[in-house]
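Single-letter residue listing:
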Amino acid sequence: MAYNYKLRVKHLVEKASSSNPAVIAEMLSINIRYVDTPNNINGFWKRILRRKFIFVNERLDEWQRMTVISHELGHILLHPHYHHFCSEGRSYFASSRHENEADNFAMCLMDAYGIDPIYSYAFLQNGWR
Ligand SMILES: [Zn+2]
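In this report, we go over the structure that sits alongside the text. None of the values given here were measured: they were computed from a predicted structure. All residue numbers here refer to positions counted from 1 along the written sequence of the relevant chain. A pLDDT threshold of at least 70 governs which residues receive local features in this predicted model, and a stricter bar of 80 or more applies before side-chain atom pairs are shown or counted, although totals over entire chains, interfaces and linings include all residues. Excluding hydrogens and water, the side-chain figures rest on all heavy atoms present in the structure.

### Structural notes on the packing of aromatic side chains
Our working definition: Side-chain rings of Phe, Tyr and Trp, where Trp is taken by its six-membered ring, are said to pair if the distance between their centres is within 6.5 Å; with planes under 30 degrees apart they count as stacked, over 60 as edge-to-face, and otherwise as tilted. Numbering of helices and strands starts at the N terminus; helices are DSSP runs of H or I of at least 4 residues and strands are runs of E of at least 2. When a residue's accessible area, from a 1.4 Å probe over protein chains only, is under 20% of the maximum for its type it is buried; when over 50% it is exposed; and in between it is partly exposed. A positively charged side chain is recorded as over a ring if its NZ (Lys) or CZ (Arg) lies within 6 Å of the ring centre. The angle to the ring normal must also be within 35 degrees.
All told, the structure shown has five aromatic pairs when counted by the stated rule. Between the aromatic rings of F44 and F55, the centroid separation amounts to 5.1 Å while the plane-to-plane angle is 25°, which identifies the pairing as stacked. On the criterion of sequence distance, the pair formed by F44 in strand β2 (residues 41-48) and F55 in strand β3 (residues 51-57) is long-range, its members being eleven residues apart. With a relative accessible area of 14%, F55 lands in the buried category. Ring pairing ties together the aromatic residues F44, F53 and F55, which thus form one cluster. Over the ring of Y34 we find R65; its NZ or CZ atom is 4.4 Å from the centre of that ring.

### Describing the environment of A25
As a reminder, the rule being used: Contacts were defined at the residue level, with two residues in contact if any of their heavy atoms lie within 4.5 Å.
Summarising the element assignment, A25 is placed in helix α2 (residues 21-27). Each C-alpha atom, one on A25 and one on I69, is 8.0 Å from the other, the two residues being 44 residues apart in sequence. When neighbours within four sequence positions are excluded, A25 is seen to be in contact with I30, I32 and L73.

### Some points on the pairing of β2
For clarity, the cut-off: Two strands form a pair only when DSSP identifies at least two bridges running between them.
By the bridge criterion, six bridges tie β2 to β3 in an arrangement that is antiparallel. In the strand pairing of β3, G43 is matched with V56. Turn length for the β2-β3 hairpin, with the two strands adjacent in sequence and antiparallel, is two residues, and the turn residue L49 shows positive phi of about 50°.

### Here we look at the packing of helix α1 (residues 5-16) against helix α4 (residues 97-113)
Rules: Axes here refer to lines fitted to C-alpha atoms; in helices the fit is confined to the stretch in contact. Angles between the N-to-C directions go from 0 to 180 degrees. An angle below 35 degrees is read as roughly parallel, one above 145 as roughly antiparallel, one from 65 to 115 as roughly perpendicular, and any other as oblique. When the near helix sits turned anticlockwise from the far one by under a right angle, the crossing is termed left-handed; a clockwise turn instead gives a right-handed crossing. Side-chain classes follow a simple rule in which Ala, Val, Leu, Ile, Met, Phe, Trp, Tyr, Cys and Pro form the nonpolar group, Asp, Glu, Lys and Arg form the charged group, and the remainder, Gly included, forms the polar group.
Here α1 crosses α4 at 50°, and the two axes come no closer than 9 Å. What the angle tells us is that α1 and α4 run oblique. Like other packed secondary-structure pairs, α1 and α4 cross with a definite hand, here right-handed. Note on element contacts: α4 touches α1 through E101, N104, F105, C108, L109 and A112, opposite Y5, K6, V9, L12 and V13. In terms of residue class, the contact of α1 with α4 is made up of eight nonpolar, one polar and two charged.

In structure tokens, the structure reads:
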């Protein structure tokens, strides 16, 4: 199944009146926590007591944090029952349709936010130190 990422992002941005992924998450009642994640984990999301949380590696740069939030938003919106960890270099051992879809969503949203998809793609695929 192919999603129309651009259209989905456009609708979200309009609804939130912002292309900032953190603002969009807030609109969707998703809590964001910047934490000291285990080695090589850039972010993940979890449902805790019926609330949704996105956990982001606090050591990342601002645009990288926003890219992680965008990727996790992609999972929550496209695959609400899929949980996973996004780690640096995950493409070596975990390349799935879900990951590619979340990456595509993230690149569209980051593009709307003003980050060239070349950067978000490289970061999502390989990690970025
Ligand atoms: Zn993922």
